[in-house]
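# Overview (structure and organization)
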Amino acid sequence: DAGVTQSPTHLIKTRGQHVTLRCSPISGHKSVSWYQQVLGQGPQFIFQYYEKEERGRGNFPDRFSARQFPNYSSELNVNALLLGDSALYLCASSLTLGDYEQYFGPGTRLTVT
Amino acid sequence: GENVGLHLPTLSVQEGDNSIINCAYSNSASDYFIWYKQESGKGPQFIIDIRSNMDKRQGQRVTVLLNKTVKHLSLQIAATQPGDSAVYFCAETSNSGNTPLVFGKGTRLSVIA
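Throughout what follows, the structure given in this document is the object of discussion. Throughout this document, residue positions are counted from 1 along each chain, in the order its sequence is written. Throughout, the order in which chains and ligands are written sets their labels, letters from A for the former and numbers from 1 for the latter. Residue-level local features of this predicted model are given only where pLDDT is at least 70; pairs of side-chain atoms are given and counted only at 80 or more, and the full residue set underlies all totals for whole chains, interfaces and linings. Side-chain descriptors were evaluated using all non-hydrogen atoms of the structure, hydrogens and water having been removed beforehand.

In terms of helices and strands, chain A carries zero helices and 11 strands. Each helix and strand of chain A, ordered N terminal to C terminal, gives the series β-β-β-β-β-β-β-β-β-β-β. It is over C-alpha atoms that the radius of gyration is taken, and the globule rule equals 2.2 Å times the number of residues to the power 0.38. Its C-alpha atoms give chain A a radius of gyration of 13 Å, within 12% of the compact-globule value 13 Å for 113 residues. Accessibility here uses a 1.4 Å probe with only protein chains present; expressed as a share of the type maximum, an area under 20% marks a residue as buried, one over 50% as exposed, and anything in between as partly exposed. Here chain A holds 113 residues, and the buried ones make up 50% of them. Elements are defined by DSSP. Helices are runs of H or I of four residues or more, strands are runs of E of two residues or more, and each kind is numbered from the N terminus.

Shown next, in the form of structure tokens:
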């Protein structure tokens, strides 16, 4: 079975642009979480979605938004990009809400110039 | 590949020796803890977890110890191998309710062959 997949693997944007990152969970997993990992730090929680609804949100500005589709895949959108948004964006899937055995994808490396 | 932890604390261990990686957690209400391994270019990989009603849990070549009194967690890796070289993160959460994972800063383990 395929693990969590994310696209694209790398992305370069300029300040002020917007970006959409995509995630496909493991087959059968209904919950998707997004994390931001700045170089040299641990992942920081952004969002959790379950059954297409937002079930948790971290301390991130409104420029960050996400959604989950009927097939449980998810998109993370970031508007008005800032240099500080440069990071590795990780998607993790789990079977259900509250299941902390999360499986992470390889991430999307976003560089904002 | 992705260099996740450029400025992380580093533990250098001779191949075959045992490794001990430490983590101090912050929230006394946390009651569920997980250790993740992150190799260059990959997302975090689940290693072992422990609930707060336990003080020790063993897996294959790994042992996690939990000291709730001083809010300290450790990961012991027996007979460390070159493939164990990675960045290791502890994560904490509360199992009561939908509380997101909070990751520590991480430790880079470097195995010397």
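Still more to cover.
Right, let's talk about the interface of chain A and chain B for a bit. Accessible area lost upon the coming together of the parts serves often as the stated size of an interface. The contact rule is simple, with two residues in contact once any of their heavy atoms fall within 4.5 Å. With 21 residues of chain A at the interface, the matching set in chain B holds 27 residues. Joining two parts hides part of their accessible area as seen by a 1.4 Å probe, and the buried area is that hidden amount summed over both. Taken over both partners, the interface formed by chain A and chain B buries close to 1800 Å², and the fraction arising from carbon and sulfur atoms is 57%. By definition here, a salt bridge exists when the distance from a side-chain nitrogen of Lys or Arg to a carboxyl oxygen of Asp or Glu is within 4 Å. Counting the contacts that link chain A with chain B gives zero salt bridges. For the purposes of these results, a polar contact is taken to be a pair of N or O atoms within 3.5 Å, where, inside protein, one atom must be able to donate a hydrogen and its partner to accept one; residues adjacent in sequence count only when each atom of the pair is a side-chain atom. Between the two partners, chain A and chain B, sit one residue pair in polar contact (both at pLDDT 80 or more). If you list the elements that add at least two residues to the side of chain A that touches chain B, you get β4 (31-37), β5 (44-50) and β9 (87-94) of chain A. For the side of chain A that touches chain B, the residue count by class is 10 nonpolar, eight polar and three charged. Just so you know the grouping, Ala, Val, Leu, Ile, Met, Phe, Trp, Tyr, Cys and Pro go in nonpolar, Asp, Glu, Lys and Arg go in charged, and all remaining residues, Gly too, go in polar.

Bringing the state of the cysteines into the picture now. Our working definition of a disulfide is a cysteine sulfur pair at a distance within 2.5 Å. Overall, the coordinates contain two disulfides over all chains when judged by the stated rule. The disulfide partner of C23 of chain A is C91 of chain A, and the S-S distance across this bridge is 1.8 Å. Here the disulfide of C23 of chain A and C91 of chain A is left-handed, its torsion about the S-S bond being about -60°. Of this pair, C23 of chain A sits in strand β3 (residues 19-24) while C91 of chain A sits in strand β9, and the two are 68 residues apart along the sequence. This pair shows no difference in class: C23 of chain A is buried, exactly as C91 of chain A is. Covalently, C23 of chain B is tied to C90 of chain B through a disulfide, its sulfur atoms 1.6 Å apart. With C23 of chain B in strand β2 (residues 19-24) and C90 of chain B in strand β8 (residues 86-93), the pair connects residues that are 67 residues apart, well separated along the chain.

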